[in-house]
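These are the residues of each chain, in order.
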Number of protein chains: 2
Amino acid sequence: MNTDNNMVETPKLPEEIHYYLWNRIATLELRPGVKLSELGLAEQFNCSRIPVREAVRRLNIEGALESQPQRGSFVSKINLDKVRKVRYLREVLETRVVLDAFDAGLLDPLVPLLKGMINDQKTMISFNEMEKLTEADTLFHDFFYHLQHKEFVQEHTGRYDIHYIRARRFALGVERSDDQKYDDSINIVSQHERIADAIERHDRQALEDELKHHFRNINHTLEKVSANEEFEALFES
Amino acid sequence: MNTDNNMVETPKLPEEIHYYLWNRIATLELRPGVKLSELGLAEQFNCSRIPVREAVRRLNIEGALESQPQRGSFVSKINLDKVRKVRYLREVLETRVVLDAFDAGLLDPLVPLLKGMINDQKTMISFNEMEKLTEADTLFHDFFYHLQHKEFVQEHTGRYDIHYIRARRFALGVERSDDQKYDDSINIVSQHERIADAIERHDRQALEDELKHHFRNINHTLEKVSANEEFEALFES
DNA sequence: CCCCTCAAACTTGTATACAATCACAAGATA
DNA sequence: TATCTTGTGATTGTATACAAGTTTGAGGGG
């Protein structure tokens with residue numbers, strides 16, 4: 001997110017506050033719609049409003065907060081339109097990165113590694129470790145970017161987009177009841193499996209189709225979940 | 001309850017300042033390396049440092065300014081690495097958008113329109129109207145995004161990236177001497193022409209190749225220009 | 001019970017003041 | 001002359017104070 005220079009700088013106060021709030025919002029500990037106040041945060045961080053204000057302004061730019069003059073600052077609701085747009089970018093870019101790696105013959109020797117990751121993911125589901133599964137899913141996708149030295153693409157494909165990040169927690173079922181979450185999680189991992197299978201079979205067209213299907217999956221899940229009354233308050237109307 | 005969000009809001013001071021500075025930096029009126037100070041800007045805008053500070057912080061996030069504590073705020077040099085990354089995104093995404101439009105058969109009836117735009121571009125070159133050519137180039141590329149209702153993609157493909165924007169002025173020769181600029185400008189317009197020709201000939205592979213060649217053109221131009229001593233000071237080492 | 005009035009408490013927007021650090025130039029010293 | 005010291009101004013970081021608008025809730029009237 002922030003272009004970390006090589007030097008270990010003392011984290012400045014506004015960055016510290018921004019980092020703390022961003023993470024609390026991304027993990028939904030701070031629920032969409034919750035009201036924050038600059039003064040309250042200032043007391044919490046034992047400083048004046050100025051450093052807090054800088055963090056709040058940045059969170060506004062990133063779409064994590066929405067400050068209204070003389071009213072307050074509210075944690076933004078998850079914007080499904082934004083999620084759909086980021087999803088499209090991700091489909092186009094990540095498909096290209098994976099297929100380029102495939103065409104370069106880089107993926108064949110790595111099929112066993114991929115299958116190992118997928119087995120780990122299955123284990124996490126069986127032990128109901130959904131937070132770990134979220135990390136494992138991130139790792140699975142990061143893998144292809146690193147292989148192609150295209151990590152920077154992720155800055156534009158939802159790796160740091162607060163709306164996509166939060167939506168993904170639902171797609172992976174982290175925020176849902178047990179009976180709801182297993183279906184989608186198993187789906188996602190089985191999609192990973194079919195991607196690995198297509199690579200193993202050297203079936204380029206199948207790989208492309210499975211990738212697109214995988215990325216579009218989040219849409220289907222979200223349309224379903226966002227219509228659920230239980231979660232209505234989390235999404236922008 | 002008068003929650004009219006449709007009302008035309010008075011542009012807030014920080015946004016006004018941000019907009020003004022962003023444009024001055026994007027057009028290179030404020031040259032890379034130039035030093036600004038919050039207090040000086042505050043006097044210029046007849047306000048206190050607080051609204052200025054907000055604009056400056058945002059320009060820092062966007063990479064247009066680099067503020068150093070107790071030293072000053074400096075207009076950033078053009079970062080060629082960032083330009084290359086944005087160029088890659090643009091190649092992948094815009095190629096996909098254009099080819100999707102091609103596959104949907106949307107482009108055939110619009111070939112005359114494209115040729116008209118290209119003729120206008122040629123006229124601008126002959127009259128040495130490089131600023132207008134920049135706008136016309138923008139319009140030519142926007143055209144495909146609008147056709148596919150994918151305008152939002154441009155937010156991620158350099159339409160608003162300060163480094164790419166400034167680099168593009170060089171690719172189009174706006175900031176260079178007459179003898180230097182004609183070559184590259186004519187190249188760019190003739191590339192547009194070959195793109196239109198490929199569409200007219202229904203040659204999908206040629207269209208894809210010409211698009212990629214067109215997007216990669218900015219790299220060649222920039223490697224050449226950034227090595228020129230005359231412009232060395234504008235680029236990050 | 002419902003609705004209106006109004007004042008106090010909040011909240012963000014902005015101004016001013018001070019603190020901490022850096023750059024630079026003038027002067028002292030060898 | 002060359003180098004170090006030092007003081008002054010400049011610049012960003014932070015704190016406090018006030019301005020302007022919004023929310024909230026108590027109290028009164030119907």
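Residues numbered from 1 in each chain as written. Chains lettered and ligands numbered in written order. Predicted model: local features only at pLDDT ≥ 70, side-chain atom pairs only at ≥ 80, totals over all residues. Heavy atoms only, no water.

A. Structural view of the side chain of Arg87(B). Residue and element names in this part refer to chain B. With respect to the helices and strands, the residue Arg87 is situated in helix α4 (residues 80-103). Accessibility expressed as a relative area gives 8% for Arg87, which makes it buried. Apart from residues no more than four positions distant in its own chain, Arg87 is found in contact with Tyr164, Phe215, Arg216, Ile218 and Asn219. (Helix = DSSP H or I, 4+ residues; strand = E, 2+ residues; numbered from the N terminus. Buried < 20%, exposed > 50% of the residue type's maximum accessible area, 1.4 Å probe, protein only. Contact = heavy atoms within 4.5 Å.)

B. Quick peek at the pattern of salt bridges. On inspection of all chains with the given rule, the structure shows 60 salt bridges over all chains. Residues Arg159(A) and Asp142(A) are paired through a salt bridge, measuring 3.3 Å at the closest nitrogen-oxygen approach. Separated by 17 residues along the polypeptide, Arg159(A) in the loop between α6 (130-147) and α7 (162-171) and Asp142(A) in helix α6 bring together distant segments of the chain. With a relative accessible area of 9%, Asp142(A) lands in the buried category. Connected through shared salt-bridge partners, Glu38(A), Arg49(A), Arg53(A), Arg57(A) and Glu54(B) make up one network. (Salt bridge = Lys/Arg side-chain N within 4 Å of Asp/Glu carboxyl O.)

C. Examining the sheet that holds strand β1 (residues 35-36) of chain B more closely. Residue and element names in this part refer to chain B. Read across the open sheet, the three strands follow the order β1-β3-β2; overall the sheet is antiparallel. The two strands at the open ends of the sheet, each matched to only one other strand, are β1 and β2 (65-68). Here four bridges tie β2 to strand β3 (residues 72-75), and the two strands are oriented antiparallel to one another. Bridge assignment links Ser67 to a residue of β3, and that residue is Ser73. Running at roughly 115 degrees to β2, helix α3 (residues 49-61) makes contact with β2 and β3 of the sheet. (Pairing = 2+ DSSP bridges. Axes fitted to C-alpha atoms, helices over the stretch in contact; angles between N-to-C directions.)

D. Highlighting the relation of the copies chain B and chain A. Least-squares fitting of chain B to chain A yields an RMSD of 0.0 Å, with the transformation described by 0.0 Å of translation along the axis and a rotation of 180 degrees. Given the turn and translation reported, the copies of this chain are related as if by a two-fold rotation axis. Within chain B, the C-alpha atom positioned nearest to the axis of rotation is that of His156(B), 3.2 Å from it. In this assembly the copies share their binding face: 96% of the residues contributing to the interface of chain B also contribute to that of chain A. (Least-squares fit on C-alpha atoms with pLDDT ≥ 70 in both.)

E. Structural detail: the packing of helix α2 (residues 38-45) of chain A against helix α3 (residues 49-61) of chain A. Residue and element names in this part refer to chain A. With their axes 9 Å apart at the nearest point, α2 and α3 run at an angle of 115 degrees to one another. The two elements α2 and α3 meet at a crossing, and its hand is right-handed. In contact with Glu38, Leu39, Leu41 and Ala42 of α2, α3 contributes Arg49, Val52, Arg53 and Val56. Split into classes, the residues belonging to the contact of α2 with α3 amount to five nonpolar, no polar and three charged. (Left-handed = near helix turned anticlockwise from the far one by under 90°. Nonpolar A, V, L, I, M, F, W, Y, C, P; charged D, E, K, R; others polar.)

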